[in-house]
Protein chains: 2
Amino acid sequence: MTDGSLRQELLGLQANNPAVDRLVEEIIGRVADKWTMLLIEILTEQECCRFGELARACTGISQKMLTQTLRAMERDGLVTRKVYAVVPPKVEYRLTDLGLGLSKAFCGVWLWAEGNLEMIEQARRSYAERQAAEGTSA
Amino acid sequence: MTDGSLRQELLGLQANNPAVDRLVEEIIGRVADKWTMLLIEILTEQECCRFGELARACTGISQKMLTQTLRAMERDGLVTRKVYAVVPPKVEYRLTDLGLGLSKAFCGVWLWAEGNLEMIEQARRSYAERQAAEGTSA
DNA sequence: ACCCACACTCTCTTTTTGGTAAGTATAAAT
DNA sequence: ATTTATACTTACCAAAAAGAGAGTGTGGGT
């Protein structure tokens, strides 16, 4: 248990291929940002959304970021974008199977965060205390 | 299957408490960045690392970002920081149980990314093609 | 004739992020 | 006396990200 066996065991896949690793890191960096995760969650809860619905559901997002994030997700094959040739315009977004798979994968992280909220907050408090203590003694 | 049952089923926890949701989002935003994920991976592979070892293992990171990320991780209770009062200085970092839990949670995302690399790259190619096609016709 | 939807797009400005490089402390080695 | 090693910290600067807000196209309602 002192070596890399845990990750290997958990991953159970190819031995560290540096090229694959780099790609994986790039994809995770791309995909693991706040808005992407939020949009995935929203689209998991309600599978078909229009642009405006997403804007309302995704509190605090700007139009710009919404468009940008959705485009990136479309590019990566996480969502489909269906444009209706009507006026006023109508566009529907929904997760692809790929996107749904990512949603499930993220679920573990959500669970962890939900389950450990208290511990994290406590860690922060005690860190702050330690800092304060150092401040007074130093 | 048309409503939010999937997430509820997968999460199986409290009904959407907005305050909790916001905290969870904040924590995920904090924790799901490139360097944090990389450091967690490194510290999962080798449970005890000195600052310099991390710097070497985490290719491309600057001292500044390394210190910054490690401090944030310490603050959130993901790593412990053990300082030896020697000269030259010696500091050892290792994951806490909380950090190890997050490592496992991230594992699902790594697996997803590794397992779907090909699909993502293909999605990107076909998106690029569609863009190019629109460019010529429009 | 005019305004409203809706889903953007564009420009401009502010904020945040991250890199570089230099500085710090100190004991041991040369 | 000078250098070396280590783990930082600080100051400065460039680049990238994100927000605000106005503009766009068009068919239908008034």
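The rules behind the values
Residues numbered from 1 in each chain as written. Chains lettered and ligands numbered in written order. Predicted model: local features only at pLDDT ≥ 70, side-chain atom pairs only at ≥ 80, totals over all residues. Heavy atoms only, no water. Phe/Tyr/Trp six-rings, centres within 6.5 Å; stacked < 30°, edge-to-face > 60°. Lys NZ or Arg CZ within 6 Å of the ring centre and 35° of its normal. Disulfide = S-S within 2.5 Å. Near = heavy atom within 4 Å. Polar contact = N/O pair within 3.5 Å; in protein donor to acceptor, adjacent residues only side chain to side chain. Helix = DSSP H or I, 4+ residues; strand = E, 2+ residues; numbered from the N terminus. Nonpolar A, V, L, I, M, F, W, Y, C, P; charged D, E, K, R; others polar. Contact = heavy atoms within 4.5 Å. Buried area = accessible area lost by both parts, 1.4 Å probe. Salt bridge = Lys/Arg side-chain N within 4 Å of Asp/Glu carboxyl O.

Student: Looking at this model, I keep getting lost on the packing of aromatic side chains. Mind explaining?
Tutor: Describing an aromatic ring pair means giving the distance of the ring centres and the angle of the ring planes. This structure, assessed with the given rule, holds zero aromatic pairs over all chains. Note that Lys34 of chain A overlies the ring of Trp35 of chain A, its terminal NZ or CZ placed 4.5 Å from the centroid.

Student: Would you take a moment to explain the state of the cysteines for this structure?
Tutor: Think of a disulfide as a covalent bridge from one cysteine sulfur atom to another cysteine sulfur atom. Scanning the model with the defined rule gives zero disulfides over all chains in all. Not engaged in a disulfide, the cysteine Cys48 of chain A finds its nearest cysteine sulfur in Cys49 of chain A; these two sulfurs lie 6.7 Å apart. There is no disulfide at Cys107 of chain B, and the cysteine sulfur nearest it, in Cys107 of chain A, is 15 Å away.

Student: Looking at this structure, I do not really get the protein's contact with DNA strand C. What am I missing?
Tutor: The local shell around DNA strand C holds 15 residues, among which Gln63, Arg81 and Tyr93 of chain A together with Lys64 and Val87 of chain B are the closest. Among all atoms of DNA strand C positioned within 4 Å of the protein, those belonging to sugar or phosphate total 64%. Between a sugar or linking oxygen of DNA strand C and a main-chain N or O atom of Pro89 of chain A, the distance comes to 3.1 Å. Here a phosphate oxygen of DNA strand C and a side-chain polar atom of Ser62 of chain B are 2.8 Å apart. Elements represented by at least two residues in the surface near DNA strand C include exactly α4 (51–57), α5 (63–75) and β3 (90–95) of chain A together with α5 (63–75) of chain B. By residue number, the principal contributor to the surface near DNA strand C is α5 of chain A, which donates three residues. In terms of residue class, the surface near DNA strand C is built from seven nonpolar, four polar and four charged.

Student: Can you walk me through the interface of chain B and chain A in this structure?
Tutor: Bring the parts together and some accessible area is lost; that lost area is often taken as the interface size. Chain B puts 58 residues into the contact, and the matching count from chain A is 57 residues. Here chain B packs against chain A, burying approximately 5,600 Å² in sum over the two surfaces, 70% of which is carbon and sulfur. Ranking the residues of chain B by area buried against chain A places Trp112, Glu114 and Arg124 of chain B at the top, with a combined share of 13%. Connecting chain B to chain A are six salt bridges. Here Glu26 of chain B makes a salt bridge to Arg124 of chain A, at a shortest N to O gap of 3.3 Å. Between the two partners, chain B and chain A, sit eight residue pairs in polar contact (both at pLDDT 80 or more).

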